[in-house]
Amino acid sequence: MSATEYERTPAIAEKGYETPLAHDLEAIWESKPGIRGFLSTVDHKEIGIRYLVTSFVFLVLGGIEALVMRLQLAGPNKSLLTPEQYNELFSMHGLTMIFLYALPVLSGFSNYLFPLVLGSRDMAFPRLNAFSYWVYVASGIFMYASLVLGFAPNDGWFSYVPYALKPYNPGPNMDFYALGMIFYGVSTTVGSANFVVTFLRMRAPGMSINRVPILTWGTVTVSFGNLFAVPAVSLAFLMMWADRQFNTHFFTPETGGQPLLWQHLFWMFAHPWVYVVVLPAMGLVSDALPIFCRRPIVGYTVVVLGTITTMVLGFGVWLHHMFATGLPFLALSFFSAASFVITIPSAVAVFAWIATIWTGRPVITTAFLFFAGFIAMFVIGGVSGVMTAAVPADRQLTDTYFVVAHLHYVLIGINLFAVMGALYVWFPKITGRLMSERLGRWNFWLVFVGFNLGFFPMHVTGLMGMPRRIYTYPDGLGWDTLNLITTMGAFVLAIGILLLLINLAISRRGGAPAGPNPWDGPTLEWATPSPPPPYNFPVIPLVASRHPLWEERLGETEAGHSEIHRGPVLADGKEALATTALDAQPDVILKMPEDSYAPFVVTLAMAVAFTGLLLANWWVAGIGGLAILIGSLVWLWPEAALAQKARRPA
Amino acid sequence: MRNARRAIVAGSGMAAALLAAPRPACALGWADFPMNYLTTAGVKERPVVALTWGLMGISIAVIVLISLFVLVGVLRRRNTDVSLPEATRIPVVRPRSGLAWISIGVGVSTVVLLGMMGWTAVTMAKIARPPVDPAVTIEIRARQWWWDARYESGDPTRIVDVANEIHIPVGKAVEFKLQSDDVIHSFWIPALGGKTDVIPGQTNMTWLQAERPGVYRGQCAEYCGKQHGHMGIVVVADVPEDFQAWLDGQISPAREAASQQVAEGRDRFIQRCGACHTVRGTRAGGALGPDLTHLMSRGSLAAATLPNKIAYLSGWIANPQTIKPGAQMPNLEISGPELASIRSYLETLK
Amino acid sequence: MSEPLIIRRRLPVGSMGKKANGWWGMLALIATEAALFAYLLFSYFFFDVQYGRGWLPEKLPAFRLSGPNTVILLLSSVAVWWAEREARKGNRARQCLGLAVGLLLGIAFVVIQGFEWADKTFTPFSSSYGSLFFTITGFHMAHVIAGLIVLASLLLWSALGYFDDRRNAPVTIGAIYWHFVDAVWLAVFFSLYVTPHLR
């Protein structure tokens, strides 16, 4: 191992993808083939794809759970499921969609796109990136093991105590969930830290903070949010597990515990989380919709400020999930008002998108259809949310199917619609092939019709008084027909999503070749080949505007011209450039880590530790803990190759 | 009234015709949706219904308007002259900023939101307290998965427990003290008022006031375990004289067995059921299940799960775990003759 | 922005003090850990507000051990701060000395905190106060132990000559974590030990 130099002036050169430099970089950056590469790769694109694929596996699982529930609810007094089975299904469905699908799918896009749109070679912490993925998978398997073993969580994703505690829930069901969520929280936290630092440090020179694509704003905003929100739920689940396992008294009312403390901690996390799973999706739309409107987004600055404001306010509205818990009048009034106000920054985004359509020349692609549908669904989910901000109305609406409808308009409307549109946009970048537009139209219309057929009537079901989370309902209350329609809609929606999967599968091999920039997009990822090489850019691009590939046409050249293929050459091993947080001036040449087994091994150690805790086998847990410690030390041991060690005196 | 009470419980589709709500001319009326909260029979709920309709009207208007903006925008502005993939080759231009859309849109939205906020605040203040002091106080104890209601009184002999069906006097405010010994439930009678959670370790208060006589179905609204779906409650609003008569009836102990056969049934009941159920005036004094002293005065069984008819009663006693799997009441393996005997006793508990 | 882009400039290479990504990552970790302690203390005050004085133990937490222990922890921070300063000067011996002193004082804190725990009349299982008291101080203790492992690793690496006057980012990064652990103790100390006497 040779110590590297302490300072260098990088050469500036003009180099494209078909140059000897690019071939050298390819050799430096590419992962090993086969299983070794599979377990050790730290390539953000590979990790991003894994996130996307894994989250879609969970989407399908959660969807199947939903369909089974919809069969049970298709008519009154059905007995397809026992109450316990139904309760486990709705709990698994909720936690799957909210935790194992909704954020990871967005992390997939962000992981794949961050370095590409920022003009970087990789994320700030490539090994941490791999680690965050492995932990996500391991925690997902951990939680799903409960279903396979017949002990699935049965208290909903919100897991209110005391029903979640031992006296009412003696099986290991809630232990799986509690420990699984703490495990999962590790993935979210390190992933968020990675996005934050990548955003602040890994931008191409010249990409000052006001030239960053909005999708990165969305992700970095929620990543900040996660750093502050996730500890609340990890702590709450730890307390719950301790109450169950060691008879502590956090939540047990008969011994001085406070059931409401659970609700506070849970919603302090879970309300921000709602924004966490939609803001990056809104960011994807804010970047992709303008491509098809053939103009930049209207109001970049206010949209970004709106994103940040939403997240900040999102920490101040958690009590609106607790309007019926007997809170004082003043608290109700304050949180009601805050819940109205939080609508305003969302309105900014909606009008920005509409203005972009009206002042642009929309090209109707499948992706565009999803984004246009997204806006309408966004508004439906938004206004029904506003209704629940009104305390007296909410005390009727809450815990009925009205809220089920509302949250699905938010999660499917704002997350899934955006994700499906984004897939049509970036799939060609990822695979080099376009998705079928013809299948795409069927895909969109089936999803759009199925979704609205299934979920719009749910508003009415709720207004007609059907409570949530009931495994069956009697006839004579007027809920029968509405539920039947919803079940039919759910199946149409499922067929629509099946078509998406078919389209993905067919287009991966058979789609038309995409070329580097099939949609004529403005941002840096479209300057790379499809799929991009492991090193992303042969030289580090220089950015002079918000739309490097459109700037000539837009006349955005007051700060000079962006240069994609002329810039600093960094090829002395795995190297990347860090820039200053606001102005993106070159700051330091980073030595990037090679592929590593450490993330995978530490994840395995964590899985062992959590299994030990689950089984209350402290030896196993201890061995796992020790392995985590050793693995982390090996991981963090200073390496000369990463320029973490001093140059040895000769 | 008795018929109405029967009809409202689960399993009977007849509720509609018997409800007091006015029936519009169209095929389906509000009465076909007895748990809806877009109509009301409650003083407290009246301003809330107005608010809900108001917010809903605004919401629908917003949805229609924005959808039209999107639709018309797409139709008017779309590129029709080129087809994919050439379509994306159309030039990108720097068009007008479009910021006016945002300022006008957000400005109007803000004004509307502020209006909604104000309306909400006014409504909250209106329903915070009953217009008159409560005439009756009922202590609700929510259990997995039924409701115990204790009518409070300064006179200890007039304190009485009933289960799953509570009567209230029309035109008078009734105060509810909500408590739970197990998990969190939520007390909810849609036609009369919104939800208040029932949380172990604390006593939440709410109040209701019926405007007219009627039978109003409610249901537990906070997920509480296996039989959350079968935790109904019925509120019967009587004119004050009827209410008083009902309450007096409930306070009185169970009637004496009129025959040898009934006495045998009573003894069997005490032996098999008395550990969990109370029938005041007998040795059956269990507190785990509902008080059955005046079982036959109720319209429904098992927390508004079954109509209180003899066949359902037999089925419930013989096999509660099929009807309400997971319920606290076990299958007792009661023989046919035993069942008949117990049933004949229960039938006398009017 | 206004400043023109300067590409051709001499740039530091690799892990360099506060330019290292590790430094930024540590700040993110500290942010999330700080939030964790904020939620712990929120839980404590939530109970405090709900129940009032009756919730606290008969004998309020005393300063006899916790007071001196707080001073010890702060001194360890000073030692680590000094070690980091010496590291930037390239003085390996003083750097090791500072880290070693910081480590020993940290260990002393853990031992004394052990006595403090043993002194309690309540347990984590006896009341909600006990559960919270031990969880909060336990969480802090876990962070101290993590910090001690960090300090021990830095001491070892320093002794092995891994760092010099320019290549010492791990010391900077480890030190800020240790300062954070100490700062959190002040918040915990104030909430659990001082506020009960203020009511």
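Every residue gets a number counted from 1 within its own chain, in the order that chain's sequence is written. For this description, chains carry letters from A and ligands carry numbers from 1, given in the order in which they are written. The predicted nature of this model means local features are confined to residues of pLDDT at least 70 and side-chain atom pairs, given and counted, to a pLDDT of 80 or more, with totals for whole chains, interfaces and linings taken over all residues. Hydrogens and waters are ignored; side-chain quantities use all the structure's heavy atoms.

## Quick word on the overall build of chain A
Logical step 1: Strands here are runs of E lasting at least two residues and helices are runs of H or I lasting at least four, both read from the DSSP assignment and numbered beginning at the N terminus. Helix and strand counts for chain A stand at 20 helices and five strands.
Logical step 2: For this measure, only C-alpha atoms enter the radius of gyration; the expected value for a globule follows 2.2 Å times N^0.38, where N is the number of residues. Over its C-alpha trace chain A gives a radius of gyration of 25 Å, about what one expects of a compact globule, namely 26 Å for 650 residues.
Logical step 3: Overall, the C-alpha framework of chain A stretches about 80 × 65 × 50 Å when taken along its three principal axes.
Logical step 4: Per-residue accessibility, obtained with a 1.4 Å probe over protein chains only, is compared with the maximum for each type, and a residue is labelled buried under 20%, exposed over 50%, and partly exposed between these values. Counting across all 650 residues of chain A, residues that qualify as buried make up 71%.
Logical step 5: The contact rule is simple, with two residues in contact once any of their heavy atoms fall within 4.5 Å. Restricting to contacts in chain A with at least 6 residues of sequence separation, those with at least 24 account for 80%.
Logical step 6: Of note, chain A has its 35 positive side-chain charges centred 3 Å away from the centre of its 37 negative side-chain charges. The charge count includes Lys and Arg as positive and Asp and Glu as negative, but it does not include His or the ends of the chains. All charge positions are set by atom: Lys at NZ, Arg at CZ, Asp at CG, Glu at CD.

## A short note on the sheet that holds strand 9 (residues 214-219) of chain B
Residue and element names in this part refer to chain B.
Logical step 1: Here, a strand pair is defined by DSSP locating no fewer than two bridges between the strands. With mixed pairing, three strands are arranged side by side in an open sheet as 4-10-9. The sheet is open, and its two edges are formed by strand 4 (165-169) and strand 9, each paired on a single side. The mean inter-strand angle of the sheet, taken between neighbouring strand axes irrespective of direction, is 25°.
Logical step 2: Where helix 5 (residues 240-251) meets the sheet, its contacts fall on strand 4 and strand 10 (232-238), and the angle it forms with strand 4 comes to roughly 140°. Axes here refer to lines fitted to C-alpha atoms; in helices the fit is confined to the stretch in contact. Angles between the N-to-C directions go from 0 to 180 degrees.

## Brief notes about the packing of helix 4 (residues 83-118) of chain A against helix 5 (residues 126-149) of chain A
Residues and elements named next belong to chain A.
Logical step 1: The interhelical angle for the contact between helix 4 and helix 5, taken along N-to-C directions, is 165°, at an axis separation of 12 Å. Taken together, the axes of helix 4 and helix 5 are roughly antiparallel relative to one another. For the crossing formed where helix 4 meets helix 5, the hand is left-handed. Across the interface between the two elements, Met92, Leu95, Thr96, Leu100, Pro104 and Asn111 of helix 4 pack against Asn129, Tyr136, Gly140, Met143, Tyr144, Ser146 and Leu147 of helix 5.
Logical step 2: Here the contact of helix 4 with helix 5 is built from residues that sort into eight nonpolar, five polar and no charged. Here roughly perpendicular refers to angles of 65 to 115 degrees, roughly parallel to angles under 35, roughly antiparallel to angles over 145, and oblique to all remaining angles. Note on convention: near helix rotated counterclockwise from far helix by under a right angle means a left-handed crossing. Clockwise means right-handed. Each residue receives one of three labels: charged for Asp, Glu, Lys and Arg, nonpolar for Ala, Val, Leu, Ile, Met, Phe, Trp, Tyr, Cys and Pro, and polar for the others, Gly being one of them.

## Quick look at the interface of chain C and chain A
Logical step 1: The partner chain A presents 72 residues to the 53 residues of chain C that form the contact.
Logical step 2: Buried surface area refers to the total accessible area, computed with a probe of radius 1.4 Å, that the two partners give up upon joining, counted for both partners together. A buried area of about 5500 Å², summed over both sides, lies between chain C and chain A, and 65% of it is on carbon and sulfur atoms.
Logical step 3: For this analysis, a salt bridge means a side-chain nitrogen from Lys or Arg found within 4 Å of a carboxyl oxygen belonging to Asp or Glu. Taken together, the connections running from chain C to chain A amount to three salt bridges.
Logical step 4: Any N or O atom pair separated by 3.5 Å or less is treated as a polar contact, with the protein-specific requirement of one donor-capable and one acceptor-capable atom, and with residues adjacent in sequence counted only for side-chain atom pairs. Connecting chain C to chain A are 26 residue pairs in polar contact (both at pLDDT 80 or more).
Logical step 5: Looking at the side of chain C that touches chain A, the elements with two or more residues in it are strand 1 (11-12), helix 1 (21-51) and helix 4 (128-159) of chain C.
Logical step 6: The element contributing the most residues to the side of chain C that touches chain A is helix 1 of chain C, with 17 residues.
Logical step 7: Class assignment for the residues of the side of chain C that touches chain A results in 30 nonpolar, 15 polar and eight charged.

## Focus on the packing of aromatic side chains
Residue and element names in this part refer to chain A.
Logical step 1: In this scheme Phe, Tyr and Trp rings, the latter by its six-membered ring, pair at centre separations within 6.5 Å, and the angle between planes marks the pair as stacked below 30 degrees, edge-to-face above 60, and tilted otherwise. Within this structure, the stated rule accounts for 93 aromatic pairs over all chains.
Logical step 2: Note on Phe183 and Phe610: the rings are 4.6 Å apart at their centroids and 15° apart in plane angle, and the pair reads as stacked. One end of the pair, Phe183, is in helix 6 (residues 173-201); the other, Phe610, is in helix 19 (residues 598-614), with 427 residues separating them in the sequence. In terms of burial, Phe183 and Phe610 fall into one category: buried.
Logical step 3: Over the ring of Phe38 we find Arg50, and its NZ or CZ is 4.3 Å from the ring centre.
Logical step 4: A positively charged side chain is recorded as over a ring if its NZ (Lys) or CZ (Arg) lies within 6 Å of the ring centre. The angle to the ring normal must also be within 35 degrees. Above the ring of Tyr300, the side-chain terminus of Arg546 is found at 3.6 Å from the ring centroid.

## Concerning the UniProt feature "domain: Cytochrome oxidase subunit I profile" (unreviewed entry) in chain A
Logical step 1: UniProt positions are given in the numbering used here, feature names are shortened, and annotations may be inferred rather than shown by experiment. Here the UniProt feature "domain: Cytochrome oxidase subunit I profile" (unreviewed entry) sits at residues 23-544 of chain A.
Logical step 2: From the first C-alpha to the last, residues 23-544 of chain A spans 27 Å; its make-up is 70% helix and 0% strand.

## Re the sheet that holds strand 8 (residues 204-208) of chain B
Residues and elements named next belong to chain B.
Logical step 1: Pairing within the open sheet is mixed, and its five strands lie in the order 3-2-1-5-8. The open sheet is flanked by strand 3 (160-163) and strand 8, the only strands paired with a single partner. The average angle at which neighbouring strand axes cross in this sheet is 25°, direction not considered.
Logical step 2: Sheet analysis places strand 1 (residues 136-143) next to strand 5 (residues 174-180), joined by seven bridges and oriented parallel. If you follow Ala142 over to strand 5, its bridge partner there is Ser180.
Logical step 3: Sheet strands in contact with helix 5 are strand 1, strand 2 (146-151) and strand 3, and its direction is about 100° off that of strand 3.

## Section: the nonpolar core
As a rule of thumb, nonpolar side chains are buried together in soluble globular proteins.
Logical step 1: In terms of nonpolar packing, the biggest core is built from 349 residues, with Trp353 of chain A together with Phe187 of chain B touching the most fellow members.
Logical step 2: Once residues within four sequence positions are removed from consideration, Phe187 of chain B is found in contact with Ile140, Trp147, Ile166, Phe176, Leu178, Gly194, Lys195, Thr196, Val198, Thr206, Leu208 and Ile233 of chain B.
Logical step 3: Within the second largest apolar cluster, 22 residues are counted, among which are Ile270, Leu292, Leu301 and Ile334 of chain B. Residues belong to a common nonpolar core when they are buried Ala, Val, Leu, Ile, Met, Phe, Trp, Tyr or Cys residues joined through side-chain atoms within 4.5 Å.

## Regarding the UniProt feature "domain: Cytochrome c" (unreviewed entry) in chain B
Logical step 1: UniProt's feature table lists "domain: Cytochrome c" (unreviewed entry) at residues 260-350 of chain B, given in the numbering used throughout.
Logical step 2: Between the C-alpha atoms that bound residues 260-350 of chain B the distance is 18 Å, and the span itself is 42% helix and 4% strand.

## Considering the confidence of the model for chain B
Logical step 1: Residues of chain B with pLDDT of at least 70 account for 88%, and the chain-wide mean is 89.
Logical step 2: Our summary of model confidence lists the complex with pTM equal to 0.95 and ipTM equal to 0.96. Known as pLDDT, the predictor's confidence for each residue is given on a scale from 0 to 100.

## Some thoughts on the pairing of strand 4 of chain B
All names here are of chain B.
Logical step 1: Extensive coverage of strand 4 is indicated by the burial of five of its five residues.
Logical step 2: Because side chains alternate across strand 4, one face comprises the buried residues Glu165, His167 and Pro169, and the other comprises Ile166 and Ile168, equally buried.
Logical step 3: Pairing between strand 4 and strand 10: five bridges, direction parallel. Across the sheet, residue Ile168 finds its bridge partner in strand 10, namely Ala237.

## Focus: the packing of helix 11 (residues 329-341) of chain A against helix 4 (residues 99-128) of chain B
Logical step 1: Taken N-terminus to C-terminus, the directions of helix 11 of chain A and helix 4 of chain B make an angle of 160°; their axes are 10 Å apart at the nearest point. Between helix 11 of chain A and helix 4 of chain B, the crossing angle belongs to the class labelled roughly antiparallel. Like other packed secondary-structure pairs, helix 11 of chain A and helix 4 of chain B cross with a definite hand, here right-handed. When helix 11 of chain A is examined against helix 4 of chain B, the residues Phe329, Leu332, Ser333, Ser336, Ala337 and Phe340 of chain A are found in contact with a partner set consisting of Leu113, Met116, Met117, Thr120, Met124, Ala125 and Ala128 of chain B.
Logical step 2: For the contact of helix 11 of chain A with helix 4 of chain B, a count of residues per class yields ten nonpolar, three polar and no charged.

## Some words on the side chain of Ser128 of chain C
Logical step 1: Looking at where Ser128 of chain C falls in the secondary structure, it is placed in helix 4.
Logical step 2: Since its relative accessible area comes to 4%, Ser128 of chain C is described here as buried.
Logical step 3: Other than its neighbours up to four places away in sequence, Ser128 of chain C contacts His249, Thr255, Gly256 and Gly257 of chain A together with Phe47 and Trp55 of chain C.

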